[in-house]
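This is what each chain is made of:
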Amino acid sequence: MSWGDVVKNNLKLLRKSRGYTQVQLQMKTGIEQALLSKFENGERVPPTETLVLLAEFYGVSIDYILCRTDNPDVNK
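Residues numbered from 1 in each chain as written. Predicted model: local features only at pLDDT ≥ 70, side-chain atom pairs only at ≥ 80, totals over all residues. Heavy atoms only, no water.

K.L.:
Give a detailed account of the environment of R44, specifying residues and quantitative values.
P.N.:
By the element assignment, R44 lies in the loop between helix 3 (33-40) and helix 4 (48-58). Setting aside anything within four residues of it in sequence, one finds R44 in contact with L35, K38 and F39. (Helix = DSSP H or I, 4+ residues; strand = E, 2+ residues; numbered from the N terminus. Contact = heavy atoms within 4.5 Å.)

K.L.:
Which residues make up the pattern of salt bridges, and what are the values?
P.N.:
Applying the stated criterion to the full structure yields two salt bridges. The salt bridge involving R15 is made with E40; its shortest N-O contact spans 2.6 Å. One end of the pair, R15, is in helix 1 (residues 3-17); the other, E40, is in helix 3, and 25 residues separate them in sequence. Among the residues examined, E40 registers a relative accessible area of 6% and is labelled buried. With its nearest N and O atoms 3.1 Å apart, the salt bridge here joins R68 to D63. What makes R68 exposed here is its relative accessible area of 58%. (Salt bridge = Lys/Arg side-chain N within 4 Å of Asp/Glu carboxyl O. Buried < 20%, exposed > 50% of the residue type's maximum accessible area, 1.4 Å probe, protein only.)

K.L.:
Give a detailed account of the nonpolar core, specifying residues and quantitative values.
P.N.:
Ranked by size, the top nonpolar core spans 13 residues in total, and within it L54, Y58 and I65 carry the most contacts. Within the residue set of this core, elements represented by two or more residues are helix 1, helix 3 and helix 4. Here this core gets four residues from one element, more than from any other, and that element is helix 4. For L54, the residues in contact, after removing those within four places along its chain, are L11, L25, I31 and I65. (Core = buried A, V, L, I, M, F, W, Y, C linked by side-chain atoms within 4.5 Å.)

K.L.:
Describe helix 3, with residues and values.
P.N.:
Taken residue by residue, helix 3 has L36, F39 and E40 as its buried positions. Projected down its long axis, helix 3 carries its buried residues within an arc of 95°, all on one side. The first or second residue beyond helix 3 is G42, which carries a positive phi of 75°. (Arc of directions from axis to C-beta.)

Shown next as structure tokens:
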């Protein structure tokens, strides 16, 4: 399994569990919708600064986004 596969599942689940569309997430984070789509489809892996932004936005750790832990608060 590639990093893209790991990240895509968690990013989509986080967005949907918070009730956001990709466009709404773009408006709140400034990350282009086309990039969000590529991240969620596993076509691209988010760079570190994007992972930090998304982790802060969702209130979870980067390790949680990367499926390195089941605990979203592990690094807080």
